[in-house]
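Structural overview for review
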Amino acid sequence: MTFDSTFTTKLLAAADRLVHLLDQFHQPRVLVIGDLCLDEFLTGQVERLSREAPVLIIRHEHTRQVAGGGANAVYNLAKLGAQVKAAGIVGKDEQGKALRHIFETAGINTEGMLLDGDRPTVTKTRISGHARQSVTQQIVRVDRKSDQLPSQVLQDQLADYIRQNLDQVDAVVCSDYGDGTLSAPVIAAALSHPLSVVDAQKQLQRYRGATIFTPNLPEAEQAVGYPLGDGTDLPLISQGGKDLIQATQAQQVLITRGGEGMSLIHSDGSAYHIPAFNRTDVFDVTGAGDTVVAALTLGLIVGASPWEAAVLGNLAASIVVRQFGTSTTSPTEMKAALHLLLEELGET
């Protein structure tokens, strides 16, 4: 593995400090406000073609349910050791019950999960099949969601819950997947906290004044209104980050660039470009952004500099992209990955 010599020297010098920060990941208290989604994976064996229609008949074998969307950010924080409160809206349905059970099993506080009798829990069901002695492949995805916003009553109740809990948490994370939970009153309540981390797919200007934004490259392009290339043009990325800070009045912006790494831009115009720690064993990037947000947030809470926190986020992402589907990591795994990375750099 080859990195820029300046970055390598800085990373090697920060090694002990990064381990110390990881040892404190159990201390933070975090409130996550998000579009809470349930990801379902239905898998079975393909038996034959149906005589009713030109479709496959699959004999169901098993169903797996995991936290998705904004719920994945909640789950990642819990698995990294944080004390987490989940705030959002789910339907009065079996999917909402399943998501609440997943959270409670992980020790997550679910008092902020409000019930909506008019809208379903956002659910993404992936149906996959396999023939004998063949790999499993996704065949179709079925989404359940409503295009209607939550009622004003629910929006106000969620905003009230957030305000009541601000002094009990060290940071607030907004995980906005565009499903309607993050309405204007909810955002206003969330941004009242001095440390607010925003992961939003679009309309970043709605979060004007947040501490740090974590858009990926396409999201950053949409926010600034011009293309930022393939992630390798660092001066262009830096300019995009500066323009995004000007538009949002954030203190920092962390633009994730996929296999090219990530770029941290500060309000003073300085920029730091962090290379990807894993470019060869990437199987699935699903949910990696949520992992970055989780590790970044915990790093900032326990006293990491924005650069150190971004490095921890990058490290966490390098682990979860090795696994299929939404996944998580732990401080123990992160320390092991850091050790291996430092060994490789020490040999170069």
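Above: the structure in question.
The structure contained in this document is the topic of the report that follows. (Residues numbered from 1 in each chain as written. Predicted model: local features only at pLDDT ≥ 70, side-chain atom pairs only at ≥ 80, totals over all residues. Heavy atoms only, no water.)

Scanning the protein from terminus to terminus reveals 10 helices and 13 strands. For a compact globule of 348 residues, the expected C-alpha radius of gyration is about 20 Å, and the protein comes in at 21 Å, within 12% of that figure. Each principal axis of the C-alpha distribution contributes one length, and for the protein these read about 65 × 50 × 40 Å. Across the 348 residues of the protein, 54% fall into the buried class. In the protein, the share of contacts with a sequence separation of at least 24, taken over all contacts with a separation of at least 6, comes to 67%. Within the structure as shown, the protein displays about 15,700 Å² of accessible surface, and the carbon and sulfur contribution to it stands at 49%. Distance between charge centroids for the protein: 5 Å, based on 28 positive and 39 negative side chains. (Helix = DSSP H or I, 4+ residues; strand = E, 2+ residues; numbered from the N terminus. Rg over C-alpha atoms; globule rule 2.2 N^0.38 Å. Buried < 20%, exposed > 50% of the residue type's maximum accessible area, 1.4 Å probe, protein only. Contact = heavy atoms within 4.5 Å. Areas by Shrake-Rupley, 256 points an atom, 1.4 Å probe, with all protein chains shown as cover. Lys, Arg positive; Asp, Glu negative; His and termini not counted. Charge placed at Lys NZ, Arg CZ, Asp CG, Glu CD.)

This next bit is on unusual backbone geometry. Phi is positive for Gln203, close to 55°, though the residue is something other than glycine. Within the secondary structure layout, Gln203 lies in the loop between strand S9 (196-200) and strand S10 (212-213). Positioned with a positive phi, Gln249 is a non-glycine residue whose angle comes to about 60°.

A few words now on the environment of Leu56. Position of Leu56 among the secondary structure elements: in strand S3 (residues 56-69). Sequence spacing of Leu56 and Gly129 is 73 residues, and the spatial spacing of their C-alpha atoms is 9.0 Å. With near-sequence residues (within four places) excluded, Leu56 lies in contact with Val46, Arg48, Leu49 and Ile139.

If you trace the nine strands from one edge of the open sheet to the other, you get S5-S4-S1-S8-S9-S10-S11-S12-S13, paired in mixed fashion. Edge strands, defined here as strands with exactly one partner in the open sheet, are strand S5 (109-116) and strand S13 (271-274). The pairing of strand S12 (residues 262-266) with S13 spans four bridges and is antiparallel. Considered in S13, the bridge of Met262 is made with Ile274. Relative to the sheet, helix H4 (residues 152-165) contacts strand S1 (29-34), strand S4 (83-91) and S5, its axis offset from that of S5 by approximately 170°. (Pairing = 2+ DSSP bridges. Axes fitted to C-alpha atoms, helices over the stretch in contact; angles between N-to-C directions.)

A separate point is helix H6 (residues 217-224). Since the α-helix turns once every 3.6 residues, residues separated by three or four places project in the same direction. The complete set of buried residues in H6 reads Leu217, Glu219, Ala220, Ala223 and Val224. Down the axis of H6, the smallest arc covering the buried residues is 160°, so these residues share one side. Turned more than 90 degrees off the buried face of H6, the exposed positions are Pro218 and Gln222. The inward-facing, buried residues of H6 contact S9, helix H7 (234-248) and strand S11 (252-256). (Arc of directions from axis to C-beta.)

Right, let's get into the sheet that holds strand S2 (residues 36-49). Strand order in the open sheet made by the four strands is S3-S2-S6-S7, with mixed pairing throughout. Of all strands in the sheet, those bounded by a partner on one side alone are S3 and strand S7 (137-144). Neighbour-to-neighbour, the strand axes of this sheet turn through a mean angle of 20°, independent of strand direction. Summarising the sheet, S2 and strand S6 (residues 122-130) pair through nine bridges and their orientation is parallel. When the sheet's bridge partners are listed, Cys37 is paired in S6 with Val122. Set on the sheet, helix H2 (residues 70-79) makes contact with S2 and S3; between it and S3 the angle comes to about 65°.

The topology assignment puts Asp179 in the loop between strand S8 (171-176) and helix H5 (184-190). If we ignore the near neighbours within four places in the chain, the residues touching Asp179 are Asp35, Arg119, Val122 and Lys145.

So, about the state of the cysteines. Applying the stated criterion across every chain yields a total of zero disulfides. Residue Cys37 stays outside any disulfide, its sulfur separated by 18 Å from that of Cys174, the closest cysteine. (Disulfide = S-S within 2.5 Å.)

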